[in-house]
Structures are given as structure tokens and as C-alpha cells.
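A look at the structure
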Amino acid sequence: MNGASKVSANQEPSMALHTQLPPEQPSSSIPESSPAMAAINQTATIFVNPTETGGMKTRIPRVGYVYDTRMMQHTEVRDPNHYTPEDDDSESHHPEQPRRIECIDKKLDEAGCLELMTRLAIRHLRKDEALLVHSEDHWQKVEAIASMDVEAILSSRAYYDHLSLYVHPKTPEAALLSGGGVIEACLAVARGLVKTSFANVRPPGHHAEPEEHMGFCFFNNVAIAARVVQLETDIKKILILDWFVLACSFLCDRRKLTKRGFVVKNRDVHHGNGTQRAFYDDPSVLYISIHRYDDGNFYPCGPFGSMESCGEGDGLGTSVNIPWPGNGMGDAEYLYAFMRIVMPIAYEFAPELVIISAGFDAADGDDLGECHVSPAGYAHMTHMLSSLANGKVVVALEGGYNLNSISSSALAVAEILLGNAPPMIPVLTPDEEATETVWQ
């Protein structure tokens, strides 16, 4: 963001100043050379907030924003010997396509949100950070993709299809930027450089497990970022809310995809299996997932996304799954789960930071998710989560594959981060299946 930003009518203008953060007096102990501080040292809409130290006041931009078009380099490699005009149609693209983040960025810009946000500098994920969650072997597997040529990629398609992935020589760079971007978004909030942040990144991360990349994901962005925050800041208790990323997979119809020469076995309408595994025995991270489960028949399949998967050892009780029995869930069902399960548990846990793994594949209009959550529904859930951790909330993009739905949903969330009130919604009644799930 360049130049002074305007203050919207509902952003408490009496509390806002158009000013310059003095480079010599940063609002935290961040080194001046860090990417986050480099982004903060610019003219911005600054909100005056009292700190907990000595009654002093510190000036904090409201929302940080992470985005970089280099993440769009992760794209499908097409077989030049089997090219058809259909390959240029948007419907022929892989669901996890580069335009996902571009459309969100454009939507936020058109709505005037970007001028109210502070752009946070992005960087590559470092190996030592990745190894906080992943194995050395995993790091090397992702790194090796950069040396693959077109022939190698095409010949290994069956292997990657089995993992529900596609690769490109630029995939490692995009994955490193995605992971590094989420880390910077989280550190900026944890260190008090911004109040909240939105990481518009890809590829997603919540399916990536310690030993394996899978389900469109290469590094588990949110899990790594949580570990980095715990190591580098005073924040230790973190809530990760994996929403609209159903604990199941959309078992896709092969007939829809075989005409394009590949088969995708899942969609980001899933349980964040990788994130849950990363903290399964850790009581310092509360992981909550709302997802479609279908009795274990949806990706990643099996019992891990069930109610019984609630942690082990010291982490027993800090993994919470809300597994929907089928499709069709909407605002009524999600808000009911939030009010009955998510928020009571979250208040009891009392996190110091909230990270939302924001998959928008349950959005109305996303044919893969087959659910009906509206932008207003996302807004209300974000608003509720903002009441936790003194408002320290990070939103990191995961899934969502309808470009219109994902853009509108992301805008609704961003407007809440900017301080707007959620829109009114009518009286809602959850269906019987959702009610039974919540009360079990």
C-alpha cells in the first residue's frame, strides 16, 4: 500500500491517524531489516490502541495483506502432443488454478479494501522452518520438483494424480512463497505490527502431512507458521480453526476429468488432516475442524476426521472435529456449530492467537463442496472469532474453487478484519442432521 489511506465511516475515525510510523521507533522488537518491518515503515491508516505496558499507546495498522503473483507460476503442465482448444477453457483448468488468488486480489481492490490494508512483504519458507513440521525427506521431495522437465512431469503424472497433486518446475517456489507468506502474516500479528492479517496464498497447505505432500498441498503453511510463532514470540496458545474445509473429500467423478488427461481424487472440501496430525499430542494448540465427513468416505477418508479423533497424550481434547454426515450444509448449520461447539470451547481454551485455515469450498456456488455457506455466513463466523485473543486473527487461504464464490467470501471476511459489522441475516434453523451431529 502506497500513500495515505482513507478511513471508512465505520472504522472509528476518532481513533485513526494519518501518520508515518517512525522507522527508528518500531512498535515491536522486530529487526528493521525484516520483511514485515520493511512493509510497515510506510504511510498508512494507523489506529491508536493502548498497550498493556505502562499505559503507553502504540500505533498499529489494522490489517496486513500478503499476496504475490509469483505464486501463480504453480500451474498445470499440458502435454504439447495432446493439445486441444478445450485446454484454454476455464472449465478445463484444474480446480486449484492460479486465478484463485488473482480473483480474490481483484475483488478486494475493487471494493477498496486493499487501500485500507498494509501490504506485508512476502518471503520464501526456510528449510529450518519447514522442518518444524515436515521431515527432511519431505523437504527434498518438494525441492526435487524444480529440476523436473516437461517429459519427467508428464511421465510421473500417475504418481502425482494418486496424491491429488499436479506439479510444475515453479511449484517449489510457489509453495515456499505460500508458506513464507503465512509465516509473515502470523508474525506481524503476533508481534503487534498489525492487528489482523489476510494471507492470499497458494498452493494451500492443510492436507500436507509431516512425511507427504497431498491433496493440492505441499507444505503445511498454517502448522509451520504456528510453530514459528511459538518459537519466536511470547505467544504460546494458538487456536487453528479449519473451516469449510470439510473433513472429507469430494470423491470426484472420473468422467468429469479424464477428458483432460488426469484424475483428481479429492477437493479442498476436506478435513485438515495434516494440520491435525501436526498437533495431535500438543496441548498448546487447539485445532477445530468443521467438515463434511460422510462416515469416513470422503477425503482423506478413514476415521481420522471423526468425533473420536480428539488428540492423544497431553493433547487429548485439543483436537475437535465437527463431521457433517453429508452435503448441503449452509449458514444455519455452520453458525449453529459455531455457537454450540466452536465458541464455547475456544473461550475456555483462551488462545493468544487465532489462525483461520480459510477454505471457501463450502461456499454457495462451489459445485465441488456442494454446500451453501453465504458471504454473510463467513462474515459472522469471522466476527465471532475476532472476539478471541484480543482480536489477533490471521486468515490464511486454503481451498475454494468457484472463482466468484471464493472472491465474494474472501471479501466478506476481509471486511470484518477491517472493522466492519457483519450483515444482518434472517432467523435460521439448522437441519436435523446438523443438529444431531452437534449434540452427539
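For the structure itself, consult the block above.
Throughout what follows, the structure given in this document is the object of discussion. Predicted model, so just to flag it, every value in this text is computed and none were measured. (Residues numbered from 1 in each chain as written. Predicted model: local features only at pLDDT ≥ 70, side-chain atom pairs only at ≥ 80, totals over all residues. Heavy atoms only, no water.)

Quick notes on the pairing of strand β7 (residues 238-243)
Basically, it comes down to this: Under the scheme applied here, a residue whose accessible area is under 20% of the maximum for its type counts as buried, over 50% as exposed, and between as partly exposed, the area being computed with a 1.4 Å probe on protein chains only. Strands here mean DSSP runs of E at least two residues long; helices mean DSSP runs of H or I at least four residues long; both are numbered from the N terminus. In this description, strands pair whenever DSSP reports at least two bridges between them.
Summarising burial for β7: 6 of the 6 residues are buried, a large majority. Of the two faces of β7, the one lined by I238, I240 and D242 and the one lined by L239, L241 and W243 are each fully buried. With 5 bridges joining them, β7 and strand β8 (residues 285-292) adopt parallel strand pairing. Within the sheet, the bridge partner assigned to I240 lies in β8 and is Y287. Bridge count for β7 against strand β10 (residues 353-358) is 6 bridges, and the pairing is parallel. Across the sheet, W243 pairs through a bridge with A358, a residue of β10.

With respect to helix α14 (residues 432-439)
The criterion, for reference: The reported arc concerns the directions from the helix axis to the C-beta atoms and nothing else. Any pair of nitrogen or oxygen atoms within 3.5 Å is treated as a polar contact; in protein, a donor-acceptor pairing is required on top of that, and neighbouring residues in sequence qualify only through side-chain atoms on both sides.
Inspection of α14 places A434, T437 and V438 among the buried residues, and these make up the whole buried set. Down the axis, α14 shows its buried residues gathered within 95 degrees of arc, on one side only. Exposed positions of α14 whose direction lies more than 90 degrees from the buried face are E432 and W439. Capping of α14 at its N-terminal end is provided by D431; its side-chain oxygen lies 3.3 Å from the backbone amide nitrogen of E433.

Some details on the sheet that holds β8
Two modes of strand pairing occur in sheets, parallel and antiparallel, and in both the strands are linked by backbone hydrogen bonds. This is how it is decided: Here a residue-residue contact requires only that any non-hydrogen atoms of the pair lie within 4.5 Å. Only C-alpha atoms enter the line fits that serve as axes; for helices the fit covers just the stretch in contact. Angles between N-to-C directions range over 0 to 180 degrees.
Across the sheet, 8 strands lie side by side as β5-β4-β6-β11-β10-β7-β8-β9; this open sheet has parallel pairing. Of all strands in the sheet, those bounded by a partner on one side alone are β5 (118-119) and β9 (319-324). Lying over the sheet, helix α7 (residues 171-190) contacts β4 (63-66), β6 (196-199), β10 and β11 (393-397), oriented at roughly 175 degrees with respect to β6. Across the sheet, helix α12 (residues 375-385) lies against β7, β10 and β11, angled at about 170 degrees from β7, the strand it touches most.

Concerning helix α4 (residues 136-144)
Quick reminder: α-helices carry 3.6 residues per turn. Residues three or four places apart thus point the same way. Among the residues of α4, those classed as buried are H138, W139 and V142. Viewed end-on, α4 has its buried residues packed into an arc of 100 degrees, placing them on one side of the element. Against α3 (127-130) and α7 lie the buried residues of α4.

Things to note about the packing of aromatic side chains
Keep this limit in mind: Between 30 and 60 degrees the pair is tilted, below 30 it is stacked and above 60 it is edge-to-face, where a pair is any two Phe, Tyr or Trp rings, Trp via its six-membered ring, whose centres lie within 6.5 Å. The criterion for a charge sitting over a ring is simple: Lys NZ or Arg CZ within 6 Å of the ring centre, and within 35 degrees of the ring normal.
By the definition in use, this model includes 9 aromatic pairs. Look at F216 and Y401: their rings are 5.7 Å apart centre to centre, the planes differ by 90 degrees, and that puts the pair in the edge-to-face class. Taken as a pair, F216 in the loop between β6 and α8 (221-232) and Y401 in the loop between β11 and α13 (403-417) lie far apart in primary sequence, 185 residues in all. Residue F216 shares its accessibility class with Y401, and that shared class is buried. Residues W243 and F360 carry aromatic rings whose centres are separated by 6.5 Å and whose planes lie at 50 degrees to one another, so their mutual orientation is tilted. With a gap of 117 residues between them, W243 in strand β7 and F360 in the loop between β10 and α12 connect regions that are remote in the sequence. Here the two residues W243 and F360 agree in accessibility, since each one is buried. By the ring-pair criterion, three or more aromatic residues cluster together here, those being Y65, Y67 and F198. Positioned over the ring face of F349 is K237, at 4.7 Å from the centre of the ring.

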